[in-house]
Amino acid sequence: MNVSMMWATSRRVLGQLRGDPRSIGLILVVPALLLALVYWLYQNETLPPGMPRTFDRVGLMMLGIFPFVVMFLVTSITMLRERTSGTLERLLTTPIHKADLLFGYALAFSIMAALQALVATGTAYWVFGMKIEGNAGWVVLISVLTAVLGVALGLLCSAFAATEFQAVQFMPVVVIPQILLCGLFVARDQMNGVLHAISNVLPLSYAVDGLQQVAANADPTADLARDLVVIASFVVVVLLLASLTLRRRTA
Amino acid sequence: MSHRAALPAPEPPAGPVPADPSGLPGPAGVSVEGLRVHRGKSTVLANITCNIPEGRITGLLGPSGSGKTTFMRALVGVQKITAGTVTVLGRPAGDPANRHDVGYVTQAASVYRDLSVLDNVRYFGSVHGAGREEALAVLNAVGLSDFAKRRAGDLSGGQFSRVSLACALVGKPRLLVLDEPTVGLDPVLRAELWTQFAAMAAEGTTLIISSHVMEEAGHCDTLLLLREGMLLAQLTPEQLRQGGETDDLELAFLRLIQAAAEDERKAAS
């Protein structure tokens, strides 16, 4: 592990993004726009007094889910390009360590993810008046973590795709089951035993649980700490698995 | 086959080739012993043994599909090999310590199309600890100074492949492996590159350059002739001319190949 090579990789990835302002725009703006869509979707609901708005519940979860989806897609395509263009093979003939490369990628996209999370959370709070008990900083932190999770899974999945078309097809396989089972549509403790057990091993479930902890409690809870640790552990394990897919010597 | 008897090294194709028939002095930068590569059921390289002299230009020539790229990948250490040993700069091929010293330019230019020329060279330089100054010097050497700020993907084919070359040069490799570096370049540029390769060899860099343009063989100090995964001969361009009884290297090479094919037919019948 060499910090200067890792940083050079991050700078290179960000430099590639800089040449593509439309992608930057999409990364930063799309989650906020989707949040607006969710807001208008529930605009006309009638609530008994004292009941929190559905937007406060669903919109909050969206803050954890959108960055995950966007970063998964961006990363899997970018890494696939690196594999197919021959630049990855070339890099692996140089002194760069695999970890420098993967963590360089993860760092670059985490910076983008943090910006994205700030824009989306800011929109939720200041434009749509989202009200939750806990501190917004925790929401941003969870957003960034799920985005990094998306980066890690994207890096891993790119190894199993030969074309960009295949890479996009991994979204229904890897991302959508997590969205269905994370507690957004049905609370996880109301699922049948099998689905509940599956949702227990999917990382996005912990992101949604963490966001619910922040929404319900003014101070950080032990459950929130556990959720953060679980997501971070998933990130590290997935990145390690991804590093196994980088082979210096191939047939 | 009147010229057949005059060939310098008419070994049976599967047999070992003499260690260094070119008779060049100096230590071996690369030595290969009994290298075999199988991909699936097909044999890509069959029992290759040779020494490649240090500080010289060695041309790797042969028809397409003869195993040139696989041979180069084995030297760089990115190829899974079935048998044999490959020693590069005194270490096994692919040894981590070699990664600073071996530069590899693939046939298809492997650079980032969406980065500027300078950013490409700086990135590949940074993994060798080279900075902006070195990157600019290398761009100057390959004649791309005026294009430093241009997006690599916007350049013409010839300029684009020179970006790839620059990305390998910036690490100041002791061994430079170039897979068809002059394909698609105009004659002026080709001549310039060969002059540059000669200058690098004079400074002590070992160059291994594949090509299927036989007239370029004349720029090399020694030649490795590959055919169907076997080393046909290792010789100097002069020996090739004598062996083929012509000054035309292309014709000489063709005659050598035909003689080998003839031998094979005879052996089979």
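In short, a report on the structure. (Residues numbered from 1 in each chain as written. Chains lettered and ligands numbered in written order. Predicted model: local features only at pLDDT ≥ 70, side-chain atom pairs only at ≥ 80, totals over all residues.)

## Quick look at the nonpolar core
Right, so step 1: By size, the foremost hydrophobic cluster in this structure holds 147 residues, and its most contacted members are Tyr105, Val148 and Ala152 of chain A together with Leu75, Val121, Ala166 and Val177 of chain B.
Right, so step 2: At 15 residues, helix H3 (residues 54-84) of chain A tops the list of elements feeding residues into this core.
Right, so step 3: For Ala166 of chain B, the residues in contact, after removing those within four places along its chain, are Val121, Val138, Leu139, Val142 and Leu144 of chain B. (Core = buried A, V, L, I, M, F, W, Y, C linked by C-beta atoms within 7 Å. Buried ≥ 20, exposed ≤ 12 C-beta atoms within 10 Å, placed from the backbone. Helix = DSSP H or I, 4+ residues; strand = E, 2+ residues; numbered from the N terminus. Contact = placed C-beta atoms within 7 Å.)

## Brief notes about the interface of chain B and chain A
Right, so step 1: The interface is formed by 25 residues belonging to chain B together with 21 residues belonging to chain A.
Right, so step 2: Going through the elements one at a time, strand E6 (102-105) and helix H2 (117-126) of chain B are the ones with two or more residues in the side of chain B that touches chain A.
Right, so step 3: Looking at which element gives the most residues to the side of chain B that touches chain A, the answer is H2 of chain B, with 3 residues.
Right, so step 4: Considering only residue class, the side of chain B that touches chain A consists of 10 nonpolar, 9 polar and 6 charged. (Nonpolar A, V, L, I, M, F, W, Y, C, P; charged D, E, K, R; others polar.)

## Some thoughts on the sheet that holds strand E3 (residues 57-61) of chain B
Residue and element names in this part refer to chain B.
Right, so step 1: Judged by pairing direction, the sheet is mixed, and its 6 strands sit side by side in the order E6-E7-E8-E3-E9-E10 without closing on themselves. Each edge of the open sheet is held by one strand with a lone partner, namely E6 and strand E10 (230-235). Between one strand axis and the next, the sheet turns by 15° as a mean value, whatever way the strands run.
Right, so step 2: Relative to strand E8 (residues 206-211), strand E7 (residues 175-179) is paired through 5 bridges, and the arrangement is parallel. Each bridged residue has a counterpart across the sheet, and for Leu178 the counterpart in E8 is Ile209. (Pairing = 2+ DSSP bridges. Axes fitted to C-alpha atoms, helices over the stretch in contact; angles between N-to-C directions.)

## Examining the environment of Val236 of chain A
All names here are of chain A.
Right, so step 1: Topologically, Val236 is positioned in helix H10 (residues 222-244).
Right, so step 2: For Val236, a count of 10 C-beta atoms within 10 Å gives the class exposed.
Right, so step 3: Sequence spacing of Val236 and Ala152 is 84 residues, and the spatial spacing of their C-alpha atoms is 8.1 Å.

## Quick word on the packing of H3 of chain A against helix H5 (residues 98-127) of chain A
Residues and elements named next belong to chain A.
Right, so step 1: Direction vectors running N to C along H3 and H5 enclose 150°, while the axes themselves pass 10 Å from each other. What the angle tells us is that H3 and H5 run roughly antiparallel. When you trace H3 past H5, the crossing you get is right-handed. Across the interface between the two elements, Gly59, Leu63, Phe66, Pro67, Met71, Val74, Thr75 and Met79 from H3 touch Tyr105, Phe109, Ala113, Gln116, Ala117, Ala120, Thr121 and Ala124 from H5.
Right, so step 2: Across the contact of H3 with H5, the residue classes tally to 12 nonpolar, 4 polar and no charged. (Parallel < 35°, antiparallel > 145°, perpendicular 65-115°, else oblique. Left-handed = near helix turned anticlockwise from the far one by under 90°.)

## Some remarks on the pairing of E3 of chain B
Looking along a regular strand, one sees the side chains alternate between the two faces of the sheet.
All names here are of chain B.
Right, so step 1: Of all 5 residues making up E3, 5 are buried, and the element is well covered by its neighbours.
Right, so step 2: Burial of the side chains of E3 extends over both faces: Ile57, Gly59 and Leu61 are buried on one face and Thr58 and Leu60 on the other.
Right, so step 3: Sheet topology places E3 next to strand E9 (residues 222-227); 4 bridges connect them, and they run parallel. Paired with Thr58 across the strands is Thr222, a residue of E9.

## Some details on the packing of H2 of chain B against helix H3 (residues 132-141) of chain B
Residues and elements named next belong to chain B.
Right, so step 1: Between H2 and H3, whose axes approach to 9 Å, the crossing angle comes to 120°. On the basis of their axis angle, the class for H2 and H3 is oblique. Helix-helix and strand crossings are classified by hand; for H2 and H3 the assignment is right-handed. Residues Val117, Leu118, Val121, Arg122 and Gly125 of H2 form the contact with H3, whose own contacting residues are Arg132, Glu134, Ala135, Val138 and Leu139.
Right, so step 2: For the contact of H2 with H3, a count of residues per class yields 6 nonpolar, 1 polar and 3 charged.

## With respect to helix H9 (residues 203-216) of chain A
In an α-helix, one turn spans 3.6 residues, which is why side chains three or four residues apart end up on the same side.
Residue and element names in this part refer to chain A.
Right, so step 1: With 14 residues, H9 should cover 20 Å at 1.5 Å per step; its first-to-last C-alpha distance of 21 Å lies within 8% of that length.
Right, so step 2: Counting buried positions along H9 yields 12 of 14 residues, so the element is predominantly enclosed.
Right, so step 3: Among the structural elements, H3, helix H6 (136-157), helix H7 (164-181), helix H8 (193-200) and H10 are those in contact with the buried residues of H9. (Expected span 1.5 Å × (residues − 1).)

From the geometry alone we can't say anything about function, so treat these as descriptive.
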